[in-house]
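Structure at a glance
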Amino acid sequence: MLEKEGEGWGGASMRNTRQALVLLLAGGVGSRLNILVEQRAKPAVPFGGIYRIIDFSLSNVTNSRLQKVGVLTQYKPLSLMNHLGAGEAWDLTGRTRGVKILPPRTGAKDSDWYKGTADAVRRNIDFIEANPSEEVLILSGDHIYHMDFEVMLEYHRSKKADVTVSMMVVPKSQIRHYGAGIIDDKNRIIDWEEKPEKPRSNLASMGIYVFDRNYLLEALARNKDELDFGMHLLPWAIENDNVFAYPFYGYWRDVGTIQAYWQANMDILNPDSGLLPEQWGIITNVESSHRIYDWPPARYGYKAELHNSMIAAGCRIEGTVVNSILAPGVTVEKGAMVQDSILFEGCTVRKDGVVDLAIVDKYVEVSERAVVGYGDGHDVVNCASPDHLYTGITVIGKRVTIPSGITIGRNCAVHGFTTGDKFPASGLNDGETLLQDGTVK
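Re the overall build of the chain
- Regarding its fold elements, the chain presents 9 helices and 32 strands.
- Relative to the globule expectation of 22 Å for 441 residues, the C-alpha radius of gyration of the chain, 23 Å, shows essentially globular dimensions.
- Its C-alpha atoms put the chain at 65 × 45 × 45 Å along the principal axes.
- Per-residue burial over the chain gives 56% buried out of 441 residues.
- Total accessible area on the chain stands at roughly 19,000 Å², and carbon and sulfur atoms take up 48% of it.

As for helix 8 (residues 258-268)
- Summarising burial for helix 8: 8 of the 11 residues are buried, a large majority.
- Those residues of helix 8 not exposed but buried are I258, Y261, W262, A264, N265, M266, D267 and I268.

What about the confidence of the model for the chain?
- Looking at the chain, pLDDT values average 90 and 93% of them are 70 or higher.
- Across residues 5-14, confidence stays below pLDDT 50; counting only partners more than four residues off in sequence or on other chains, it has 12 contacts.

Section: the nonpolar core
- In terms of nonpolar packing, the biggest core is built from 37 residues, with V69, V71, L139, M147, F149 and I208 touching the most fellow members.
- Mapped by element, the contributors of at least two residues to this core are strand 1 (21-25), helix 1 (54-63), strand 4 (68-72), helix 2 (78-84), strand 5 (98-102), strand 6 (135-140), helix 5 (149-158) and strand 11 (203-212).
- Ignoring anything within four residues of it in the chain, the contact list for I208 reads L137, I138, L139, Y145, M147, F149, M152, T164, V165 and S166.
- Within the second largest apolar cluster, 34 residues are counted, among which are L25, A120, F127 and L220.

Focus on the environment of P77
- With respect to the helices, strands and loops of the structure, P77 is situated in the loop between strand 4 and helix 2.
- Residue class for P77 comes out partly exposed when judged on its relative accessible area of 22%.
- The spatial distance from the C-alpha of P77 to the C-alpha of A26 is 8.7 Å, given a sequence separation of 51 residues.

Re the pattern of salt bridges
- Under the definition given, this model contains 14 salt bridges.
- The residue R222 makes a salt bridge to E226 at a minimum N-O spacing of 3.2 Å.
- Classification of R222 by relative accessible area gives partly exposed; the value is 33%.
- Among the ionic pairs, R410 bridges to D356, the shortest N-O distance being 2.8 Å. Taken together, the residues span a long stretch of sequence, with R410 in the loop between strand 30 (407-408) and strand 31 (413-414) and D356 in strand 24 (residues 354-356) at a distance of 54 residues. For the pair formed by R410 and D356, the shared burial category is buried.
- Each of K42, D142 and D254 takes part in a single network of salt bridges with overlapping partners.

Section: helix 1
- Taking burial as the measure, the 10 residues of helix 1 include 9 buried ones, the bulk of the element.
- Within the sequence span of helix 1, burial applies to I54, D55, F56, S57, L58, S59, N60, V61 and T62.
- Count one or two residues on from helix 1 and you reach R65, which has phi positive near 65°.

A look at the packing of helix 6 (residues 213-222) against helix 7 (residues 229-240)
- Interhelical geometry of helix 6 versus helix 7 gives an angle of 115° and a closest axis separation of 11 Å. Of the possible angle classes, the one that applies to helix 6 and helix 7 is roughly perpendicular. Note that helix 6 runs across helix 7; the crossing there is right-handed. Residues Y215, L216, A219, L220 and R222 of helix 6 touch helix 7, and the partners they reach there are F229, L233, W236 and A237.
- Class assignment of the residues belonging to the contact of helix 6 with helix 7 gives a composition of 8 nonpolar, no polar and 1 charged.

Describing the environment of Q259
- Positionally, Q259 belongs in helix 8.
- Of the residues examined, Q259 reaches a relative accessible area of 24% and is grouped as partly exposed.
- Contacts of Q259, omitting those with residues within four sequence positions, involve T391 and I393.

Criteria and thresholds
- Residues numbered from 1 in each chain as written.
- Predicted model: local features only at pLDDT ≥ 70, side-chain atom pairs only at ≥ 80, totals over all residues.
- Heavy atoms only, no water.
- Helix = DSSP H or I, 4+ residues; strand = E, 2+ residues; numbered from the N terminus.
- Rg over C-alpha atoms; globule rule 2.2 N^0.38 Å.
- Buried < 20%, exposed > 50% of the residue type's maximum accessible area, 1.4 Å probe, protein only.
- Areas by Shrake-Rupley, 256 points an atom, 1.4 Å probe, with all protein chains shown as cover.
- pLDDT = per-residue confidence, 0-100.
- Contact = heavy atoms within 4.5 Å.
- Core = buried A, V, L, I, M, F, W, Y, C linked by side-chain atoms within 4.5 Å.
- Salt bridge = Lys/Arg side-chain N within 4 Å of Asp/Glu carboxyl O.
- Axes fitted to C-alpha atoms, helices over the stretch in contact; angles between N-to-C directions.
- Parallel < 35°, antiparallel > 145°, perpendicular 65-115°, else oblique.
- Left-handed = near helix turned anticlockwise from the far one by under 90°.
- Nonpolar A, V, L, I, M, F, W, Y, C, P; charged D, E, K, R; others polar.

Right, dumping it as structure tokens:
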């Protein structure tokens, strides 16, 4: 049982926790998000109509009044870098504040890319040495949550910990996806299992760590074959030093799969889910898409119907939208239907078109009478990516044009920039994938 936050602190330190250095890991491929990461890094994937996934971690940093952030990039970083800019959107600019993009430190071969979370931090050790602080806060840029890091830093100091790991209770059936900690009655972690098949604990690591800075530097220098925090550094530290669990009881989701990503978006539409970006003060960079003008207010026609949906500015709705999230600039024409779906910026669903249980990337056109998400084959898994698309959700890549009258089944994928002439006349059956050159898998 986790000792509750704030209990047994024994007098919190009065030293300034805001000087802690933040390292935000944003370089993972995120391949389970399938074609949503075809053109961008996972933290740059749009979320909730107007946000990017990384906005949640970065807003938590700003709202915790931390001042110095290094963002470790690697895989397809351009979109992410454009979004972050110089950190102005999050008020992280100035002489003593800032976001520093840390590009990949690679050798001559692709195999020299980061081999794990600890390896990524080790290769940026000069950034840690150039920014003295008492603690280093290490975060992932691909989680949806709200946390006050200032409180976690105070907790770390009160425990006189070398390392503090933020942890939460999850169902035991899910613990195999996480690092799991076994703790004593003071929240000290006394044993660790990384993604266990037969777990002894239901306490999952959230991938958020506070390290004493000098301890981190010594740990990274000890053995360069230790590449990952969960696999290597934490088990050693638990056996030899003081590692504590920081209890977290709020909303937190790893949106690393298509199903988890879709569900977290749907959680925004459910006021009882606990996912409340507006109340959390989540900030995004509204200028990152190089827009030449601001979006006007959303516009609704006489026959428009909306049920439990989130409609961003610049949308024009003439048809029906049910239980869906529409990013800025989406058009739904007369007779068209969008249901249980997420549409990114600038999409158009023409007259009598249908989008049902789908994630549709930017600037996709669904032509008249075309159907995305057709039929009852929700259980027919995707042939090319059976581990990614298996719950009925169909995913359409960026700037795809779906011709008139074409039907696309369940668990399908259409790669980005596929033009209308590449679609087979019969459409796509359940579980099929269409490549940009017209190949169907």
